[in-house]
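As a plain string of letters, each chain reads:
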Amino acid sequence: MVMPSFYPSKGTDGPWVDPTIGDAAARRRFGDRMAQVKATLAKQLVDRRTLAEDGAQTHEMSYTRYGPGASLPRHTDEHHGELKKAHSVASGDENKKRNEGASSPSPSGSEAPRSGDGKTTRRSVTWLVYLNDNWDAQLDGGALRVHERAAPSAAPVGARGADLQIGWLKATASEGELPVFLDAHRPGESGNCCLYAAYADGSTRDLSRAPFTASPTLYLAGGDFFARRLLVDEPRDAARFHLIDSPKSAVSGLLPPTPPEGEDGGERIRDVPPTAGTLVLFDSVSVPHEVLPTTRRERFACSGWFHERVLYS
Ligand SMILES: O=C(O)CCC(=O)C(=O)O
Ligand SMILES: [Fe+2]
């Protein structure tokens, strides 16, 4: 009973598709509902051209369980292919670091088809449906902490065709906060990468004077400090620039922890208790998030990712 859009995250037929486990009919109804959500988003979101496709590798779905004490560090669920090429951690593998107590495999560290590694789709929209009755946000911990931008974006976020977002230009007195995308197909003498900011009217402005080689500057831990110096040419832009999420490396742990308002002070935290019946949806590229430690109970969720075709492979 495999939905056309479903493929198992771990390459095995788990409870979602094994009719002998639990209430298979209920799972099928749930899967159909989530497929409807995907179809609705495909119509309503801006420039998500291939989200409507319902073929193989277009919808991941799994169960997750966190035991008491488990947590998941800050991460984003999808990254630019250029970031993944040379850096396994930047590919989402930081999710494998889910802390003590979780017994189920991390969906984000799964065998899911990933862009940048020869796969045909990428995560576009992350969804979560929580399953915990009578969850007490104060006593039970385990909130999903979403690191939103405090200011609304002046232009659509996450992806512009083949180019995925990697950062932000903070708002000024005259200009709203702008998403920054990486174009990895710019012909140039010394590289193929160019950063640009996108505006509400669809226009763009380059932040790099000439195309550069992505490696190793994009993978350097040190976050905004290095990114501002190495990636953005104009000092006025550099002062405004902020990476969505710092690259992780061997030295990340030695750097000061990110404050709640983010490295650039431009973030706002939203804590969502994992209460049964709650549906959470967010862009897989542009929204850093984490799971705060659970205290005393097991935490169960259905999680999934609606995929879009990789346009830049
Ligand atoms: O369970 C949650 O609330 C979020 C899990 C998550 O972020 C992930 O698995 O990538
Ligand atoms: Fe995640």
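Refer to the preceding data block for the structure.
What you are looking at is a predicted structure, and each value in this text was computed from that prediction instead of being measured.

## Regarding the overall build of the protein chain
On a plain count of helices and strands, the protein chain comes out with 5 helices and 15 strands. Burial analysis of the protein chain (313 residues in total) assigns 51% to the buried set. Excluding contacts between residues fewer than 6 apart, the proportion of contacts in the protein chain whose partners are at least 24 apart in sequence is 72%. Counting every atom, the protein chain has about 14200 Å² of accessible surface; 55% of that belongs to carbon and sulfur.

## Concerning the pairing of strand E5 (residues 144–149)
Along any regular strand, the residues point their side chains to alternate faces of the sheet. Of all the 6 residues making up E5, 5 are buried; the element is thus mostly covered by neighbouring parts of the structure. Across 6 bridges, the pairing between E5 and strand E12 (residues 267–272) is antiparallel. Looking at E12, one finds that Val146 is bridged to Arg270. Alignment of E5 against strand E14 (residues 289–291), held across 3 bridges, turns out to be antiparallel. Bridged to Arg145 within E14 is Glu290.

## Here we look at the coordination of the iron ion (ligand 2)
Binding of the iron ion (ligand 2) to the protein goes through His75 (NE2), Asp77 (OD) and His289 (NE2), at separations of 2.1 to 2.2 Å. All donors to the iron ion (ligand 2) come from one chain, and their sequence spacing reads H-x1-D-x211-H. With Asp77 in the loop between strand E3 (72–75) and helix H2 (81–85) and His289 in strand E14, the pair connects residues that are 212 residues apart, well separated along the chain. The class for His289 is buried, based on a relative accessible area of 5%.

## Some points on the pairing of strand E9 (residues 194–198)
Of all 5 residues in E9, 5 are buried, a share of seventy percent or more. Of the two faces of E9, the one holding Cys194, Tyr196 and Ala198 and the one holding Leu195 and Ala197 are both buried throughout. Where strand E8 (residues 178–183) and E9 come together, 4 bridges link them in antiparallel fashion. From the neighbouring strand, Val180 faces E9, where its bridge partner is Ala197. Where E9 meets strand E10 (residues 204–206), 3 bridges bridge the pair, whose relative direction is antiparallel. Bridge pairing links Tyr196 to Asp206 in E10. With antiparallel pairing between neighbouring strands as the criterion, E9 and E10 make up a hairpin whose turn holds 5 residues, including Gly202 at a positive phi of roughly 95°.

## So, a nonpolar patch on the surface
Judged by side-chain polarity, Leu220, Phe225, Phe226 and Leu230 come together as a nonpolar surface patch covering roughly 340 Å² of accessible area. Take Phe225: it is sitting in helix H4 (residues 223–230). Judged by relative accessible area, which is 47%, Phe225 ranks as partly exposed.

## Section: the environment of Ser190
Assignment of secondary structure puts Ser190 in the loop between E8 and E9. On a C-alpha basis, the gap between Ser190 and Phe212 in space is 5.7 Å, while along the polypeptide they are 22 residues apart. Beyond its immediate stretch of four places on either side in the chain, Ser190 contacts Pro211, Phe212 and Thr213.

## A short note on the sheet that holds E12
Pairing is antiparallel in the open sheet, where 4 strands are placed in the order E3-E14-E5-E12. The outermost strands of the open sheet, each flanked by one partner alone, are E3 and E12. Going across the sheet, the axis of each strand differs from the next one's by a mean of 15°, ignoring polarity.

## A look at helix H1 (residues 24–44)
Compared with an ideal rise of 1.5 Å per residue, which puts 21 residues at 30 Å, H1 spans 30 Å between its outermost C-alpha atoms and is within 8% of the ideal. Three or more residues of H1 are buried, namely Ala24, Arg27, Gly31, Met34, Lys38, Leu41 and Ala42. An end-on view of H1 places all buried positions within 100° of arc, on one side of the element. Residues of H1 that are exposed and angled more than 90 degrees away from the buried face: Arg29, Arg33, Gln36, Lys43 and Gln44. The inward-facing, buried residues of H1 contact strand E2 (59–66), strand E4 (121–130), strand E13 (279–283) and strand E15 (299–309).

Basis of the calculations
- Residues numbered from 1 in each chain as written.
- Chains lettered and ligands numbered in written order.
- Predicted model: local features only at pLDDT ≥ 70, side-chain atom pairs only at ≥ 80, totals over all residues.
- Heavy atoms only, no water.
- Helix = DSSP H or I, 4+ residues; strand = E, 2+ residues; numbered from the N terminus.
- Buried < 20%, exposed > 50% of the residue type's maximum accessible area, 1.4 Å probe, protein only.
- Contact = heavy atoms within 4.5 Å.
- Areas by Shrake-Rupley, 256 points an atom, 1.4 Å probe, with all protein chains shown as cover.
- Pairing = 2+ DSSP bridges.
- Donors = N, O, S within 2.8 Å, 3.2 Å for Na, K, Ca; no water.
- Patch = residues over 30% accessible without salt bridge, like charges linked within 9 Å, V, L, I, M, F, W, Y side chains within 5 Å.
- Salt bridge = Lys/Arg side-chain N within 4 Å of Asp/Glu carboxyl O.
- Axes fitted to C-alpha atoms, helices over the stretch in contact; angles between N-to-C directions.
- Expected span 1.5 Å × (residues − 1).
- Arc of directions from axis to C-beta.

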